[in-house]
Amino acid sequence: MSHHESSIPYPSLDHLHRDPRMARLLFRAYYDELTAITTYTYNSIILNDLCHGAATLFSTLSMTEMRHFRLLGEAIRRLGGNPSIRTDLRITSFEPCADSSHPHTESVCRQMIKNAINAEQTAAWEYRALACKTRDETLKQLLCRLANDEEEHASMLQQLGGC
């Protein structure tokens, strides 16, 4: 466990029972975790020279989100779903930087942090709402544990403030 996660342990998913309805309901959160991974990795790359502290936090958070992605994928599988996500990555434009002094500013950093705080708070709320839709105690524990992580992430980002 890192200091970017709740101290409550993740539950074992070994005893999840088949529930395709819940597998379907979890799929949006599963996809959202993938989005968080890619967004936070991008933020980390862009902010590395501008605001190393924020870049490091985004990098670390992306690793926790990857753990969430893995846990949700495993839960979906055990519930009877297929955790496959088809992506069609296309480069829509390429914007070269003339030199290392790229156009990213402190306002971009602040906006990235603000967007991440909103996403983390939304994810926490969604995990708690999902926990209310299941009777399976293991799944409830997992969803509440993920919500705790997301709330911790939002708090850490709020403490970061800006660049």
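These lines cover the structure that appears in this document, whether it is placed above or below. (Residues numbered from 1 in each chain as written. Predicted model: local features only at pLDDT ≥ 70, side-chain atom pairs only at ≥ 80, totals over all residues. Heavy atoms only, no water.)

Quick look at the overall build of the protein chain
Helix and strand counts for the protein chain come out as four helices and zero strands. Counted from the first residue to the last, the protein chain has its helices and strands arranged as α-α-α-α. Scored against the burial criterion, the 163 residues of the protein chain give a buried share of 40%. Here the contacts in the protein chain between residues at least 6 apart in sequence split such that 84% fall between residues at least 24 apart. A total of about 9,700 Å² of accessible surface is found on the protein chain, and carbon and sulfur atoms cover 54% of it. (Helix = DSSP H or I, 4+ residues; strand = E, 2+ residues; numbered from the N terminus. Buried < 20%, exposed > 50% of the residue type's maximum accessible area, 1.4 Å probe, protein only. Contact = heavy atoms within 4.5 Å. Areas by Shrake-Rupley, 256 points an atom, 1.4 Å probe, with all protein chains shown as cover.)

Things to note about the packing of aromatic side chains
On inspection of all chains with the given rule, the structure shows three aromatic pairs. A ring pair is formed by Tyr 40 and Phe 58, whose centres lie 5.3 Å apart and whose planes are at 50°; its orientation type is tilted. Taken together, the positions of Tyr 40 in helix α1 (residues 20-47) and Phe 58 in helix α2 (residues 52-78) put the pair 18 residues apart, joining distant regions of the chain. An aromatic cluster is built from Phe 27, Tyr 30 and Phe 69, whose rings are joined through pairwise contacts. Above the face of the Tyr 10 ring, Arg 145 is positioned so that its terminal group lies 3.7 Å from the ring centre. (Phe/Tyr/Trp six-rings, centres within 6.5 Å; stacked < 30°, edge-to-face > 60°. Lys NZ or Arg CZ within 6 Å of the ring centre and 35° of its normal.)

Focus on the pattern of salt bridges
Where charged atoms from two side chains of opposite charge come close, those side chains can pair. Summed over all chains, the structure comprises six salt bridges. The residue Arg 128 makes a salt bridge to Glu 151 at a minimum N-O spacing of 3.0 Å. Placement of the pair is Arg 128 in helix α3 (residues 106-131) and Glu 151 in helix α4 (residues 137-160), with a sequence separation of 23 residues. Since its relative accessible area comes to 29%, Arg 128 is described here as partly exposed. Here Asp 149 and Arg 145 are joined by a salt bridge, their closest N and O atoms 2.4 Å apart. One end of the pair, Asp 149, and the other, Arg 145, are both in helix α4, four residues apart, so they sit about a helical turn from each other. (Salt bridge = Lys/Arg side-chain N within 4 Å of Asp/Glu carboxyl O.)

Notes on the environment of Tyr 40
Look at Tyr 40 and you get buried, because its relative accessible area is 3%. When near neighbours in sequence (up to four residues on either side) are disregarded, Tyr 40 contacts Phe 58, Leu 61, Ser 62, Glu 65, Ala 116 and Glu 120. Among the polar contacts made by the side chain of Tyr 40, one reaches the side chain of Glu 120 at a distance of 2.6 Å. (Polar contact = N/O pair within 3.5 Å; in protein donor to acceptor, adjacent residues only side chain to side chain.)

Topic: α3
Taking 1.5 Å per residue as the helical rise, α3 with its 26 residues ought to reach 38 Å, and the 37 Å between its terminal C-alpha atoms agrees with that figure. Packed against the buried residues of α3 are α1, α2 and α4. (Expected span 1.5 Å × (residues − 1).)

Remarks on the packing of α1 against α2
With their axes 8 Å apart at the nearest point, α1 and α2 run at an angle of 160° to one another. Regarding the angle of α1 to α2, the classification is roughly antiparallel. At the point where α1 passes α2, the crossing takes the left-handed sense. Considered class by class, the residues forming the contact of α1 with α2 number 19 nonpolar, eight polar and two charged. (Axes fitted to C-alpha atoms, helices over the stretch in contact; angles between N-to-C directions. Parallel < 35°, antiparallel > 145°, perpendicular 65-115°, else oblique. Left-handed = near helix turned anticlockwise from the far one by under 90°. Nonpolar A, V, L, I, M, F, W, Y, C, P; charged D, E, K, R; others polar.)

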